[in-house]
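Fold and geometry: a report
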Amino acid sequence: LHNIVSHPIILHDLRSTQRLAQEVTAHGAKAIKTRVGHSFIKDLMRKNHALFASELAAHYYFKEFFYCDNAILTAIFVLEILSQKQLPLSEIVAEYATYAKIPETNFKVADKEKTLQKIKEVFSGHTIEELDGISVIADTWWANIRASNTEPLLRLNMEAHTNKELQEIKVKFESLLQE
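So, here's what we can say about the structure. Being a predicted model, the structure only gives us computed values, none of them experimental.

Another aspect to go through is the overall build of the protein chain. Along the backbone of the protein chain there are 6 helices and 11 strands. Against the 2.2 N^0.38 benchmark of 16 Å for 179 residues, the protein chain shows a C-alpha radius of gyration of 17 Å, consistent with a compact globule. Overall, the protein chain is about 50 × 35 × 25 Å in size when its C-alpha atoms are taken along their principal axes. By the burial criterion, 37% of the 179 residues in the protein chain qualify as buried. Of the contacts made within the protein chain by residues no fewer than 6 positions apart, 48% connect residues no fewer than 24 positions apart. Summed over all atoms, the accessible surface of the protein chain reaches about 10000 Å², with 57% contributed by carbon and sulfur. Side-chain charges of the protein chain comprise 21 positive and 23 negative groups, with the mean position of each set lying 3 Å from the other.

Time to look at the sheet that holds strand 4 (residues 59-62). Strand order in this open sheet of 5 strands is 2-1-3-4-5, and the pairing throughout is mixed. Each having just a single partner strand, strand 2 (30-34) and strand 5 (68-69) make up the two edges of the open sheet. Pairing of strand 1 (residues 9-13) with strand 2 involves 5 bridges; the strand directions are parallel. Looking at strand 2, one finds that isoleucine 9 is bridged to lysine 30. With respect to the sheet, helix 1 (residues 18-26) is in contact with strand 1, strand 2 and strand 3 (52-55), its orientation differing from that of strand 2 by roughly 150 degrees.

When we look at a pair of aromatic rings, we describe it by the centre distance and by the angle of the planes. Scanning all chains against the criterion turns up 7 aromatic pairs. Measuring from ring centre to ring centre gives 6.4 Å for phenylalanine 65 and phenylalanine 66, while their planes differ by 55 degrees; the resulting arrangement is tilted. Judged by centre distance (6.3 Å) and plane angle (80 degrees), the ring pair of tryptophan 141 and phenylalanine 173 falls under edge-to-face. Placement of tryptophan 141 in strand 10 (residues 141-147) and of phenylalanine 173 in helix 6 (residues 163-177) is noted, with a sequence separation of 32 residues between them. For phenylalanine 173, a relative accessible area of 1% gives the class buried. Put simply, the rings of Phe52, Tyr60, Phe62 and Phe77 pair up and form one aromatic cluster. Here the guanidinium or amino end of arginine 35 rests over the ring plane of phenylalanine 40, the centre of that ring lying 3.8 Å away.

This structure, assessed with the given rule, holds 11 salt bridges. Measuring nitrogen to oxygen at the nearest pair gives 3.3 Å for the salt bridge that ties lysine 164 to glutamate 168. Of this pair, lysine 164 and glutamate 168 both sit in helix 6, separated by 4 residues, roughly a single helical turn. Lysine 164 sits in the exposed class, given a relative accessible area of 63%. On the basis of relative accessible area, glutamate 168 is assigned to the partly exposed category, the value being 42%. As a salt-bridge pair, lysine 170 and glutamate 174 come within 3.9 Å of each other at their nearest N and O atoms.

Conventions we followed
Residues numbered from 1 in each chain as written. Predicted model: local features only at pLDDT ≥ 70, side-chain atom pairs only at ≥ 80, totals over all residues. Heavy atoms only, no water. Helix = DSSP H or I, 4+ residues; strand = E, 2+ residues; numbered from the N terminus. Rg over C-alpha atoms; globule rule 2.2 N^0.38 Å. Buried < 20%, exposed > 50% of the residue type's maximum accessible area, 1.4 Å probe, protein only. Contact = heavy atoms within 4.5 Å. Areas by Shrake-Rupley, 256 points an atom, 1.4 Å probe, with all protein chains shown as cover. Lys, Arg positive; Asp, Glu negative; His and termini not counted. Charge placed at Lys NZ, Arg CZ, Asp CG, Glu CD. Pairing = 2+ DSSP bridges. Axes fitted to C-alpha atoms, helices over the stretch in contact; angles between N-to-C directions. Phe/Tyr/Trp six-rings, centres within 6.5 Å; stacked < 30°, edge-to-face > 60°. Lys NZ or Arg CZ within 6 Å of the ring centre and 35° of its normal. Salt bridge = Lys/Arg side-chain N within 4 Å of Asp/Glu carboxyl O.

Below you can see the structure in the form of structure tokens.
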């Protein structure tokens, strides 16, 4: 990450842990949140002359590789970090896994727009972003519910400072999505 974050702009999709943006900022770069999907990410990279972008689905995009994702280049960077740190990858990653997070969860709903509107109403006391679906942002947690770009589903991602809080918020969202 230290070698990548030498440029002022790094992109990440909105499903990524908030720890990612915190690390990017701590290393002197600007973190910009993007919609999910390679076409959106590559377009925004070009517009912002971003050096690097990441997507939760394990796609890593490099300016030097024509703003495209490249698994081999990513593997080389990971191997370099492993050789420098002399630690198992699990230990290196654990240092950055500071928040509780659910895996992306899919829901089939009868009316996607009605469901998204209901979520906006229920959580109207929180910050609402509509970059890609609906993101509800609180002081110690966030959730994003968005329509799949490829399937007839709503996808839920969420993260909280503690597992207890994550489970409480998850129950609220699941009840809205399973009605």
